[in-house]
Amino acid sequence: MSFLKPTSNPKPLVDTVFAISNLAEQQRKTTPSVINATIGSLYNEDHQLVAYETLFQNLNTLPNTIKASYAKSFVGNPDFLQTITPFITNNTLTIPHTTIATPGGTGAISATFSNILEENETIILPDIAWGSYKLMAEVKHLNTLIYTMFEDDHFNLNSLISCIEEVSKTQQRILFVLNDPCHNPTGYSLSNDEWMCLATYLNKKSKTHKIILLNDIAYIDYSFNLTNSRSYMQHFNNLNENILTIIAFSCSKTFTAYGMRVGGAILINQNQDTVQQVKVAFDKYARATWSNIPNAPMHAITNTLNNDKQAFLNEKQTYINLLNKRATLFLTQAKEVNLPTYPYKEGFFITIPIDNDKKQAYHEALINHHIYTVQVNKGIRIALCSLSLQDIDTLAYRLKDILDSI
């Protein structure tokens, strides 16, 4: 008999990112021309990890006692929550809402999965997605139903609706994940019309069911249209009281603070009592799971937004502009050689569609040509965020030649 409970899965976790990235970095020592398109973090043109001066100056000036201290609350420092919420939402929310801090955006997603559904209930996920969604569902003993992300060059709302209708036959609470804007791994962002159509459907469906929309916005602060990046959140104000919206945000990407593990969940509903009820459940989950959020990063982020916000935004905009140049170069050359990509609008990643039965062979062929990428469902992910313009120039040509040879 195993020491593990019967529902535990002893099968080793397959690391699709860090292992292949480490392999690429080892190869780079002997082959400088290696293309490491695996890293989902922001790098400069000299292949150095970007760490925003505005944030880390604020971090480094903190007294050691602050760095060593627990946070003031296991759901986040009050001043951090008061500062980060309007920054994340741009004050678009006019209905009741509250925020708790979590260890990265992952903590917000995990708390949602754990508190909304019972074991063996079904969560709805996109077919092209961050792999940890499915892993978290598995660990929490949730079933998954997968909607098709795209129909031609636009979001496949009909597929999502079909999944919601299917789950509604057996569940009163329906939870689905929408990673938008700057979708990982395709770089797609829904249009205002797409959000409007979704909101209209949800209001109709919620007459008979409780709907929970988990909006993962991990990459929102690298939108190419940053001024309007939060405007879609206005649709949340028009969702009725049977719809709970949870925004999962990440300070890892926004502030280039990946290892500091700060993020949060914003809980939104027409009814203040509902918001408070959900918050209590999340509070208990936080206390029982991670106990405390890193104190120093919350202080540094708060000080940055309160005292150096414009300097921080200017610094970040430099890299948004660089990402835009990288994406434009890649997509221009991809079009020249008819290299297919999923519809990209903005963000860290571009994904090449490929059938799963051919994907492994393509991935291995790329490695043989010293090009390291990440396999995702129905595609190969290219991390523009970590590639220099020199890396990207002619990369699409090479990717197409290798694809044609498979």
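Up top is the structure.
Rules behind the numbers
- Residues numbered from 1 in each chain as written.
- Predicted model: local features only at pLDDT ≥ 70, side-chain atom pairs only at ≥ 80, totals over all residues.
- Heavy atoms only, no water.
- Helix = DSSP H or I, 4+ residues; strand = E, 2+ residues; numbered from the N terminus.
- Rg over C-alpha atoms; globule rule 2.2 N^0.38 Å.
- Buried < 20%, exposed > 50% of the residue type's maximum accessible area, 1.4 Å probe, protein only.
- Contact = heavy atoms within 4.5 Å.
- Areas by Shrake-Rupley, 256 points an atom, 1.4 Å probe, with all protein chains shown as cover.
- Lys, Arg positive; Asp, Glu negative; His and termini not counted.
- Charge placed at Lys NZ, Arg CZ, Asp CG, Glu CD.
- Pairing = 2+ DSSP bridges.
- Expected span 1.5 Å × (residues − 1).
- Arc of directions from axis to C-beta.
- Axes fitted to C-alpha atoms, helices over the stretch in contact; angles between N-to-C directions.

### Describing the overall build of the chain
When helices and strands are counted, the chain shows 15 helices and 14 strands. The C-alpha radius of gyration computed for the chain amounts to 21 Å, which stays within 12% of the reference 22 Å derived for 406 residues, consistent with globular compactness. For the chain, the residues scored as buried account for 55% of the 406 residues in total. Put simply, 74% of the contacts in the chain that link residues at least 6 apart link residues at least 24 apart. With an accessible surface of roughly 18,000 Å², the chain has 50% of that area assigned to carbon and sulfur atoms. When the 32 basic and 35 acidic side-chain charges of the chain are each reduced to a single mean position, those positions are 5 Å apart.

### Let's talk about the pairing of strand 9 (residues 243-250)
Counted residue by residue, strand 9 has 8 buried out of 8 residues, so it is predominantly covered. Alternating residues of strand 9 divide into I243, T245, I247 and F249 and L244, I246, A248 and S250, and every residue in both groups is buried. In terms of strand pairing, strand 8 (residues 210-216) meets strand 9 through 6 bridges, oriented parallel. From the neighbouring strand, I211 faces strand 9, where its bridge partner is I243. Across 6 bridges, strand 9 lies against strand 10 (residues 263-268) in antiparallel orientation.

### Topic: the pairing of strand 10
Among the 6 residues in strand 10, 6 count as buried, and that is most of the element. Residues of strand 10 alternate between two faces, with G263, A265 and L267 on one and G264, I266 and I268 on the opposite face, all of them buried. Where strand 2 (residues 97-102) meets strand 10, 6 bridges bridge the pair, whose relative direction is antiparallel. Bridge pairing in strand 10 places H97 opposite I268.

### A few points about helix 13 (residues 356-368)
With 13 residues, helix 13 extends 19 Å from end C-alpha to end C-alpha; this agrees with the ideal 18 Å at 1.5 Å per step. What helix 13 keeps buried is the set K359, Y362, H363, A365 and L366. Along the axis of helix 13, the buried residues cluster in a sector spanning 165 degrees; they form a single face. Opposite its buried face, helix 13 presents the exposed residues D357 and N368, each directed more than 90 degrees away. Looking at the buried side of helix 13, the elements it contacts are helix 1 (18-28), strand 11 (349-353), strand 12 (371-372), strand 13 (374-376), strand 14 (379-383) and helix 15 (395-405). Count one or two residues on from helix 13 and you reach H370, which has phi positive near 65 degrees.

### Section: the sheet that holds strand 13
The strand order 11-14-13 describes an open sheet built from 3 strands, whose pairing is antiparallel. This sheet does not close on itself; its edge strands, each paired only once, are strand 11 and strand 13. If you compare each strand with its neighbour and ignore which way they point, the axes differ by 35 degrees on average. Sheet topology note: the strand 11/strand 14 ladder contains 5 bridges and is antiparallel. Each residue of the ladder has a partner; that of P353, found in strand 14, is G379.

### Regarding the sheet that holds strand 8
Strand order in this open sheet of 7 strands is 2-10-9-8-7-3-4, and the pairing throughout is mixed. Bordering the open sheet on either side are strand 2 and strand 4 (143-147), each of which pairs with just one other strand. Each strand of the sheet is rotated relative to its neighbour by a mean of 20 degrees, with strand direction disregarded. Summarising the sheet, strand 3 (residues 122-126) and strand 7 (residues 173-179) pair through 2 bridges and their orientation is parallel. Bridge pairing in strand 7 links I123 to L175. Contacts from helix 4 (residues 78-89) reach strand 2, strand 9 and strand 10, with the element oriented near 110 degrees to strand 2. Helix-sheet contacts for helix 6 (residues 132-139) involve strand 3, strand 4, strand 7 and strand 8, and the interaxial angle to strand 3 is about 170 degrees.

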